[in-house]
Amino acid sequence: MRKHRDRTAFLLSVILSAGLILRLYQLAARDLWFDEVCSIYKARDLITYLAVDMTPPLYYVFLSFWTHIFGDSAFQARLISVIFGTASIVLLYKLGKLLFKNKEVGLASALILAISPIHLWYSQEARGYTFAVFAVMLTAYFFIQAVEEKKKIYWIAFTAASTASLYSSYYYLPVILSEMAILLLIKRYRVAIKHWLISLVITGAAFLPFLGVFFYHLKSVKNNFWIDPPTIKSLFFSFGNFNVGYNASEITYALSALFFLGLFLLGASQAAKKHKNSLVILLSLWLLPVLAVFVVSKVIPIYIDRHLILYLPFYAVVIASGIALGVRKRRVKIMLVLLLVILTLPALGNYFSGLMPAAADRYTGTYIKKPFGPAVNYVKMNYQKDDAIIHTNHATTVTFEYYWSRDSLAPTYPFAASHFFMLAENDKYWQGVVQERFAHCPAEINKELEIERNIRSRKFKRIWLISSTWNRAQGEDENSTEVKKILAKNYKAIIFKEFDGIFVTLWVLARPVLKS
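Remember, predicted model here, so these are calculated numbers, not experimental data.

### So, the overall build of the protein
Each helix and strand counted, the protein has 22 helices and five strands in total. Taking all 516 residues of the protein together, the buried fraction comes to 55%. By sequence separation, contacts in the protein at least 24 residues apart represent 77% of the contacts at least 6 residues apart. Just so you have it, the protein exposes about 23,700 Å², and 65% of that area is on carbon and sulfur atoms.

Written as structure tokens, this is what we have:
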């Protein structure tokens, strides 16, 4: 028994070490992007930026304390995601072991999450996704303990974790439906409905102070958001991304789909025979929330994989049960684990190389991190007093400002002359963002008009035009083209530099044409 326990501890430590190494490797090799800088700014001033990011505030509270102590460089800001991402590996081991009373299921679950490319992606971002994943997993763990053991301490822990989950991500709301489904579908759990309702009321009461902000976020997303309504194809893409992340090739997606589907069916069939309640719990916590988000997204577009990863761990446990319980021979189990690693390695290699070979619609909402530091340093080296800096894509705005301010000896970032200039009429989302900004701050309208007047009246002698795109396309967006048309009437481009998708152009006043 002791030998078996030591072997389990050794294997778990190896899996945990591998997961930690993967999450630390090249952690700060790529510069922060727009959303990550917004996280840092929100952590600096929680109240001011409360309505800017359409997510609850708990992660930003943690990030605020963290960055005040350790700083807010790319490595330091992302490290908190590494910590919670790694802690989730241990927690999933315990969850898998708890559900199946089997350490091998726990170990296989931990391994799947440790090398999961999509979980790794968000474990290396200064965003709250792995924080929320950990909170939801903790809630599920205490929920299962509470309904099984019927101890008050577990209900208290569940209530606290449930509150933390709701303050971490709105995508915890479908999990509440999952909890209700579990209590109704599993007969011996029905006696716990009263305790669950009490916990739900306490969680709801704790969330009341943030309810107004929640409805504001809901209204904002419903009225104007960049996500398109999902299709059936979206579900298949999510399945592929859950398996091998965003960086796989089409061949890897196809092979992994067959492999993971086989393991899922094998695990589900075995669980249905001997662990029926566990299967009900896992399907309720994984499949039901995904389908609920899919249905809601037909009205309010919220279907995006980076939020759906809250439900990834429960899918991973079903896959793990296929490895641990689906076959008896140890050699076959080892072979399945090796196949899992072999199928995952190409996606991991592409991730660290910054390659995304598949079609772009497979990874909606992702962003290939670009070298903002070198781009900003180039402009700073050549910047002259009274130069204007104009951005044609919002992706470069706050990130440019962040990297400009990293050097304490650098000149103050020219807020008065730096502006996001929006002219493209077909970009409905960002037009909506600009219009909303105008509605809340009428002075911004005058600033917008003044920038355009200054360009047309040739007031600026030099203009730095910063262009980029949200997706991986290495071309210009419509707004950049429209802004250049205005500039070309009075200015000429004398310098053009590209920094892997960030386009820096220096425009100077052209000599006026003399009329004869």
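### What about the packing of helix 2 (residues 34–44) against helix 19 (residues 397–404)?
Running from amino to carboxyl end, helix 2 crosses helix 19 at an angle of 65°, the nearest separation of the two axes being 8 Å. The chirality of how helix 2 crosses helix 19 is left-handed. Here Phe 34, Val 37, Cys 38, Ile 40, Tyr 41 and Arg 44 of helix 2 lie close against helix 19, whose contacting residues are Thr 397, Val 398, Thr 399, Glu 401 and Tyr 402. Each residue belonging to the contact of helix 2 with helix 19 can be placed in one class, and the counts come to seven nonpolar, two polar and two charged.

### Overview of the packing of aromatic side chains
In this structure the tally under the stated criterion is 36 aromatic pairs. Centroid distance Tyr 141 to Phe 142: 5.7 Å. Interplanar angle 70°. Geometry classified as edge-to-face. Comparing Tyr 141 with Phe 142 shows no difference in burial state: the two are buried. Cluster of aromatic residues (ring-pair linked, three or more members): Tyr 25, Trp 121, Tyr 122, Tyr 129, Tyr 246, Tyr 351 and Phe 352.

### What to know about helix 19
The element helix 19 is largely enclosed, with a buried count of eight among its eight residues. Within the sequence span of helix 19, burial applies to Thr 397, Val 398, Thr 399, Phe 400, Glu 401, Tyr 402, Tyr 403 and Trp 404.

Conventions and cut-offs
Residues numbered from 1 in each chain as written. Predicted model: local features only at pLDDT ≥ 70, side-chain atom pairs only at ≥ 80, totals over all residues. Heavy atoms only, no water. Helix = DSSP H or I, 4+ residues; strand = E, 2+ residues; numbered from the N terminus. Buried < 20%, exposed > 50% of the residue type's maximum accessible area, 1.4 Å probe, protein only. Contact = heavy atoms within 4.5 Å. Areas by Shrake-Rupley, 256 points an atom, 1.4 Å probe, with all protein chains shown as cover. Axes fitted to C-alpha atoms, helices over the stretch in contact; angles between N-to-C directions. Left-handed = near helix turned anticlockwise from the far one by under 90°. Nonpolar A, V, L, I, M, F, W, Y, C, P; charged D, E, K, R; others polar. Phe/Tyr/Trp six-rings, centres within 6.5 Å; stacked < 30°, edge-to-face > 60°.

By themselves, these observations are geometric and do not establish any function.
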